[in-house]
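# Topology and contacts: notes
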Amino acid sequence: MPPETAGVSGRSAATLGVAAVTIVLIAGCMSQSEPRYEPLADYEQVEPATSVAPLNPELSIDADPVQVKQGAYLVSLLGCGTCHTDGALIGEPDLSRRLAGSRIGIAYSNPLQNENPGVVFPANLTPDPDTGIGQWTRADIATAILHGRDPSGRQQVGVMPWRSYAGLTQDDLQAITAYLVSLPPVRNAVPDNVAVGQISEAPFVHFGVYRSKALR
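Described below are features of the structure shown in this document. (Residues numbered from 1 in each chain as written. Predicted model: local features only at pLDDT ≥ 70, side-chain atom pairs only at ≥ 80, totals over all residues. Heavy atoms only, no water.)

## With respect to the overall build of the protein chain
Operational definition: Going along the chain from the N terminus, every DSSP run of H or I of four or more residues is numbered as a helix, and every run of E of two or more is numbered as a strand. Type-normalised accessible area, obtained with a 1.4 Å probe on protein chains alone, sets the label of each residue: buried when under 20%, exposed when over 50%, and partly exposed for intermediate values. The accessible surface values rely on the Shrake-Rupley method and a 1.4 Å probe; as for residues, cover is taken only from the protein chains in view.
The secondary structure content of the protein chain amounts to six helices and five strands. Listing every helix and strand of the protein chain by position from the N terminus yields α-β-α-α-β-β-α-α-α-β-β. The burial tally for the protein chain puts 42% of its 216 residues in the buried class. Counting every atom, the protein chain has about 11700 Å² of accessible surface; 52% of that belongs to carbon and sulfur.

## Points about the pattern of salt bridges
Rules: Criterion for a salt bridge: a side-chain nitrogen of Lys or Arg within 4 Å of a carboxyl oxygen of Asp or Glu.
Going through the model one piece at a time under the given rule, you end up with four salt bridges. The salt bridge involving Arg 97 is made with Asp 86; its shortest N-O contact spans 3.3 Å. You can see Arg 97 sitting in the loop between helix H3 (80–84) and strand E2 (105–107) and its partner Asp 86 sitting in the loop between H3 and E2, a full 11 residues away along the chain. Note on Asp 86: relative accessible area 9%, which makes it buried. Put simply, Asp 150 and Arg 154 hold a salt bridge, and the shortest N to O gap is 3.2 Å. Counted as one network, the salt bridges with shared partners bring together Asp 86, Arg 97 and Arg 103.

## Details of empty space enclosed by the protein
Over the atoms, a rolling probe the size of a water molecule traces out where space has been left empty. The following threshold applies: Using only the protein atoms, space was sampled on a 1 Å grid; points where a 1.4 Å probe fits but cannot get out form cavities, open sets with protein on both sides within 12 Å along at least five of seven lines form pockets, and lining residues are those with an atom within 4 Å of a point. Grid points are joined across faces, edges and corners, and a volume is the space filled by probe spheres set on the points. In this classification, Asp, Glu, Lys and Arg are treated as charged, Ala, Val, Leu, Ile, Met, Phe, Trp, Tyr, Cys and Pro as nonpolar, and every other residue, Gly included, as polar.
Roughly 40 Å³ of internal volume is contained in the largest cavity. Together, Val 52, Ala 53, Pro 54, Val 75, Ser 76, Gly 81, Arg 98 and Leu 99 line the largest cavity. Classifying every residue of the lining of the largest cavity by side-chain character gives five nonpolar, two polar and one charged.

## Some words on the packing of helix H2 (residues 65–77) against helix H6 (residues 170–182)
Note the following rule: Lines fitted to the C-alpha atoms define the axes, with helices restricted to the stretch that makes contact. Angles between their N-to-C directions range from 0 to 180 degrees. An angle below 35 degrees is read as roughly parallel, one above 145 as roughly antiparallel, one from 65 to 115 as roughly perpendicular, and any other as oblique. By the convention used here, residues are in contact when the closest approach between their heavy atoms is within 4.5 Å.
The N-to-C vectors of H2 and H6 enclose an angle of 95°; their axes lie 7 Å apart at closest approach. With respect to H6, the axis of H2 lies roughly perpendicular. Residues Gln 67, Val 68, Gln 70, Gly 71, Ala 72, Leu 74 and Val 75 of H2 lie in contact with H6, whose contacting residues are Asp 172, Gln 174, Ala 175, Ile 176, Ala 178, Tyr 179, Leu 180 and Ser 182. Within the contact of H2 with H6, the residues separate by chemical class into nine nonpolar, five polar and one charged.

## Re unusual backbone geometry
Although it is not a glycine, Leu 99 adopts a positive phi angle of roughly 65°. Structurally, the position occupied by Leu 99 is in the loop between H3 and E2. Looking at Leu 99, the relative accessible area reads 4%, which means it is buried.

## Looking at H2
Cut-off, in case you're wondering: Take the number of residues in a helix, subtract one, and multiply by 1.5 Å to get its expected span. Picture the helix axis, draw a direction to every C-beta atom, and the arc is the one those directions span. Nitrogen and oxygen atoms within 3.5 Å of one another constitute a polar contact, given that in protein one can donate a hydrogen and the other can accept it, and given that sequence-neighbouring residues count only through two side-chain atoms.
Relative to the 18 Å expected for 13 residues at 1.5 Å per residue, H2 spans 18 Å between its end C-alpha atoms, a close match to the ideal helical length. Every buried residue of H2 is listed here: Val 68, Gly 71, Ala 72, Leu 74 and Val 75. The arc that holds the buried residues of H2, viewed along the axis, is 165°, so those residues lie on one side. Structural note: H2 exposes Val 66, Lys 69 and Leu 77 on the side pointing more than 90 degrees away from its buried face. Residues of H2 that are buried sit in contact with H3 and H6. Backbone nitrogen of Val 66 and a side-chain oxygen of the N-cap are separated by 3.0 Å at the start of H2; the cap is Asp 64. One or two positions beyond H2, positive phi appears at Gly 79, with a value near 75°.

## Focus on the packing of helix H4 (residues 138–147) against H6
In plain terms, the rule: Each crossing gets its hand from how the near helix is turned against the far one by less than a right angle, where anticlockwise is left-handed and clockwise is right-handed.
Running from N to C, H4 and H6 cross one another at 120°; their axes reach a closest spacing of 10 Å. Between H4 and H6, the angle falls in the class oblique. Read as a crossing pair, H4 and H6 show a hand that is right-handed. Of the residues in H6, those touching H4 at Arg 138, Ile 141, Ala 142, Ile 145 and Leu 146 are Leu 173, Ile 176, Thr 177, Ala 178, Leu 180 and Val 181. Residue classes in the contact of H4 with H6 are distributed as nine nonpolar, one polar and one charged.

## Structural notes on the environment of Gly 118
With respect to the element layout, Gly 118 can be found in the loop between E2 and strand E3 (119–120). By relative accessible area, which is 0% here, Gly 118 ends up buried. A sequence separation of 79 residues divides Gly 118 from Gly 197, and the C-alpha atoms of the two residues are 6.9 Å apart. Those residues in contact with Gly 118, other than ones at most four positions away along the chain, are Ile 106, Ala 107, Tyr 108, Ser 109, Val 194, Ala 195 and Val 196.

Laid out in structure tokens, this is it:
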């Protein structure tokens, strides 16, 4: 969810700006025969979708419509669809795959240090049994939201803002869970995460706004 949502934060933008100024100053001291280092030369700026409208699912007999409606509101408010909907990270959300995971990843390591950054691919949050959370219990879903751990115990990186969700009330947590399990299952397998130093074969964005030109 979300996380493992996707606009650039003011702090990240400020950090990048300081880094860019530092690079310019260093470049000015170099010999003019040396090429100027352009850390973002291989990326292009994109505009992520800031929100993806929630889906109104068909409710099962035992579902609480008020709870599910509250869960839909919270999922929209938290921006889960921005990361977990295919194409939303580059402003082109595929609404047929709403919350069904993203085949566009998010780089989580510093592009000024890592030519091949670590990349995470937001998971399929629909109850598809093979590619989504269809085999998860509600307790599994709650653990992933609050603690960033999937049923296998794997810890999610900070791109998934689970630390920010730790303050959710039990009522809100149950509402989100009720909404997710009420969604229609969408079969959509996302790529495996890529470790720092490995080459991603799937496209990804940096800081939520820069997409690799080489992987378009």
